[in-house]
Amino acid sequence: MKLSDTVVREKIRVEQQNAKTFLHDVIKGLNQYPKQLQSKYFYDQRGDRLFQEIMALPDYYLTRCEMDIFENKTAEIARGISADQTPFDLIELGAGDASKSMHVLRYLKNLDTDFRYMPIDISSNILSILDDKLKENISGLDIVCLEGEYFEMLHKASQLSLRRKVILFLGSNIGNMEIEEAYRFCSELRNNLNKDDVVMIGFDLKKEPNTILNAYNDKDGVTASFNLNLLERINKELQADFNLDKFEHYETYDPLTGACKSYLISLQEQSVSIGDHVFHFGENEPIYMEVSQKFSMEDTRKMALQSGFEPVYSIMDSRGWFVDVFWKAV
């Protein structure tokens, strides 16, 4: 059998498995009370495009804050990543289009640093775009794209190489987890690393409440379309019959807990079919879509220590709204 045939068969197998997992997670989520859907499924081709639009919105400060760090403090980041100057694998969880990490990738490459870049993402579409983009913009970059769940692909990365690992988890992606889940995630991350491996994690910091709320509730409705697109994806891929006109986006922010939460609200009593499954919605019943958790610096330190890491140092943007922290596995 030709290698190309093997690759095609494996891709088909992965796609079929991903479809089964998607269906399972949607059915499970809509059977819960309150109903909920997992935000990781926002990112199909249209979802990727809508999120790019969100990141360009005037009120969506997060991307610009972290971009400020990567553009203006690149050398500091590189020092934290390079650490003991030994060869390493630079693994980015949820790489997206690597618009931020590209700055440090180019910087490291110009220093002739011995590293391999391994972006992990659940979206095959964005990985394909990323692979082409990086090969075009950073000549000779050693890159291996890994499509799938974080820890499954992190395990695969450890099988591909025994070099020390540097993990990037940017964009406040950790904020898309409930607090308890974030602690479990960091503990599991530590379990997948060796002593002295390094992680760099982006945290969005608590700030003036309306600044946060406006970032997730834009007046042009792009964020609403982004949330509603998940229902459209379920319609297309799982043969469902959601009527998007019967749901609307709703956002809340609690300055005490730091939890910014997204919902889709059913505008009337209705039923929705997904294959053989039927789900009933009451008027004004919410579907919980996503949390975007905000943190204090003490929150980040506590999370590191309780997860098996030692906080090494942190880099803030110029306004002090966002922080990238460096932790070492102990």
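We now turn to the structure provided with this report. What you are looking at is a predicted structure, and each value in this text was computed from that prediction instead of being measured.

Moving on to the overall build of the protein chain. The helix and strand inventory of the protein chain stands at 11 helices and 13 strands. Counting only C-alpha atoms and orienting by the principal axes, one finds that the protein chain spans roughly 60 × 60 × 35 Å. Within the span of the protein chain, comprising 330 residues, buried residues form 48% of the whole. Considering only contacts within the protein chain whose residues lie at least 6 apart along the sequence, 72% involve residues at least 24 apart.

The residue Asp-25 is located in helix 1 (residues 3–30) in this model. On the accessibility criterion, Asp-25 (13% relative accessible area) is buried. Of the polar contacts made by the side chain of Asp-25, one reaches the side chain of His-24; its length is 3.2 Å. In this structure, Asp-25 is in contact with Gln-38, Lys-40 and Tyr-41, ignoring residues within four places of it in sequence.

Time to look at helix 3 (residues 61–72). Taking 1.5 Å per residue, 12 residues should reach 16 Å; helix 3 reaches 16 Å between its end C-alpha atoms and fits that length. Across the 12 residues that make up helix 3, a large majority, 9, are buried.

Consecutive side chains along a regular strand alternate between the two faces of the sheet. Buried residues dominate strand 6 (residues 198–204), accounting for 7 of its 7 residues. Side chains Val-198, Met-200, Gly-202 and Asp-204 project from strand 6 onto one buried face, and the interleaved Val-199, Ile-201 and Phe-203 project onto a second face that is buried too. Sheet topology note: the strand 5 (residues 164–169)/strand 6 ladder contains 4 bridges and is parallel. Considered in strand 6, the bridge of Ile-167 is made with Val-199. Regarding the hand of the β-α-β motif, the stretch spanning strand 5, helix 8 (residues 179–191) and strand 6 is right-handed. Note that strand 6 and strand 13 (residues 322–329) share 7 bridges and pair antiparallel. Bridge pairing in strand 13 places Val-199 opposite Trp-327.

With that out of the way, let us pick up the packing of aromatic side chains. Where two aromatic rings form a pair, the distance of their centres and the angle of their planes describe that pair. Overall, the coordinates contain 22 aromatic pairs when judged by the stated rule. For the ring pair Tyr-60 and Tyr-216, a centre distance of 6.0 Å and an interplane angle of 75 degrees mean the geometry is edge-to-face. Taken as a pair, Tyr-60 in the loop between helix 2 (45–55) and helix 3 and Tyr-216 in the loop between helix 9 (209–215) and helix 10 (222–238) lie far apart in primary sequence, 156 residues in all. Considered together, Tyr-60 and Tyr-216 belong to a single accessibility category, that of buried residues. Ring geometry for Phe-203 and Trp-327: centres 6.0 Å apart, planes at 40 degrees, overall tilted. Of this pair, Phe-203 sits in strand 6 while Trp-327 sits in strand 13, and the two are 124 residues apart along the sequence. For the pair shown, Phe-203 and Trp-327 are each scored as buried. Taken together, the aromatic side chains of Phe-42, Tyr-43, Phe-51, Tyr-60, Tyr-216 and Phe-226 make up a single cluster linked through ring pairs. Over the ring of Phe-22 we find Arg-233; its NZ or CZ atom is 4.5 Å from the centre of that ring.

Reading across from one edge, 1-11-8-7 is the order of the 4 strands in this open sheet, with mixed pairing throughout. The open sheet has two edge strands, strand 1 (35–36) and strand 7 (247–254), and neither has a second partner. One ladder, built from 7 bridges, connects strand 8 (residues 259–266) with strand 11 (residues 286–293); its direction is antiparallel. Bridge pairing links Ile-265 to Pro-286 in strand 11. Along the sheet, helix 10 makes contact with strand 7, strand 8 and strand 11, crossing strand 7 at roughly 120 degrees.

Turning our eyes to something else, we now look at the packing of helix 2 against helix 10. Between two packed helices, both the angle of their axes relative to each other and the distance between the axes serve to describe the pair. Put simply, helix 2 and helix 10 touch, their axes get as near as 9 Å, and they point 160 degrees apart. Judged by the angle between their axes, helix 2 and helix 10 are roughly antiparallel. Here the hand of the crossing between helix 2 and helix 10 comes out left-handed. Contacts between helix 2 and helix 10 involve Arg-46, Gly-47, Leu-50, Phe-51, Glu-53 and Ile-54 from the first element and Val-222, Thr-223, Ser-225, Phe-226 and Asn-229 from the second. Taken together, the residues of the contact of helix 2 with helix 10 break down into 5 nonpolar, 4 polar and 2 charged.

Looking now at the sheet that holds strand 6. Taken in spatial order, the 7 strands line up as 4-3-2-5-6-13-12 in an open sheet, and their pairing is mixed. Edge positions in the open sheet fall to strand 4 (146–147) and strand 12 (309–316), since each of these has one partner strand only. Across the face of the sheet, helix 8 comes into contact with strand 2 (88–93), strand 5, strand 6, strand 12 and strand 13 while running at roughly 115 degrees to strand 12. Against the sheet, helix 11 (residues 297–306) touches strand 6, strand 12 and strand 13, its axis set at about 150 degrees to strand 12.

Parameters and conventions
- Numbering of residues starts from 1 in each chain and follows the order in which that chain's sequence is written.
- Local features are withheld for residues below a pLDDT of 70 in this predicted model, meaning they are given only at 70 or higher, and side-chain atom pairs are given and counted only at 80 or more; totals for whole chains, interfaces and linings count all residues.
- The basis for every side-chain value is the complete set of non-hydrogen atoms in the structure, without hydrogens or water.
- Helix numbers and strand numbers start at the N terminus; a helix is a DSSP run of H or I with at least 4 residues, a strand a run of E with at least 2.
- For each residue, the accessible area found with a 1.4 Å probe, counting protein chains only, is set against the maximum for its type, and the residue is called buried under 20%, exposed over 50%, and partly exposed in between.
- Only heavy atoms matter for contacts: two residues are in contact if any of them lie within 4.5 Å across the pair.
- In the analysis that follows, any N or O atom pair within 3.5 Å is treated as a polar contact, provided that within protein one partner can donate a hydrogen and the other can accept it, and provided that, for residues neighboring in sequence, both atoms belong to side chains.
- A helix is expected to span 1.5 Å for every residue after the first.
- A strand pair is defined by DSSP finding two or more bridges across the two strands.
- Note on handedness: a crossover is taken as right-handed if, strands pointing away from the viewer, the path from the first strand over the helix to the second is clockwise.
- Here is the rule: rings of Phe, Tyr and Trp (six-membered ring for Trp) pair when centre to centre is within 6.5 Å. Planes less than 30 degrees apart are stacked, more than 60 are edge-to-face, and the remainder are tilted.
- Whether a charge sits over a ring depends on NZ of Lys or CZ of Arg being within 6 Å of the ring centre and within 35 degrees of the ring normal.
- Structural elements are reduced to axes, namely lines fitted to C-alpha atoms, with helices fitted over the stretch in contact, and the angle between N-to-C directions of any two is expressed from 0 to 180 degrees.
- Angle categories are assigned with fixed cut-offs, so that under 35 degrees is roughly parallel, over 145 is roughly antiparallel, 65 to 115 is roughly perpendicular, and the rest are oblique.
- In this scheme the handedness of a crossing depends on how the near helix is turned from the far one: anticlockwise by less than a right angle means left-handed, clockwise means right-handed.
- In this count, Pro and Cys sit with the nonpolar residues alongside Ala, Val, Leu, Ile, Met, Phe, Trp and Tyr, while Asp, Glu, Lys and Arg are called charged and the others, Gly among them, polar.

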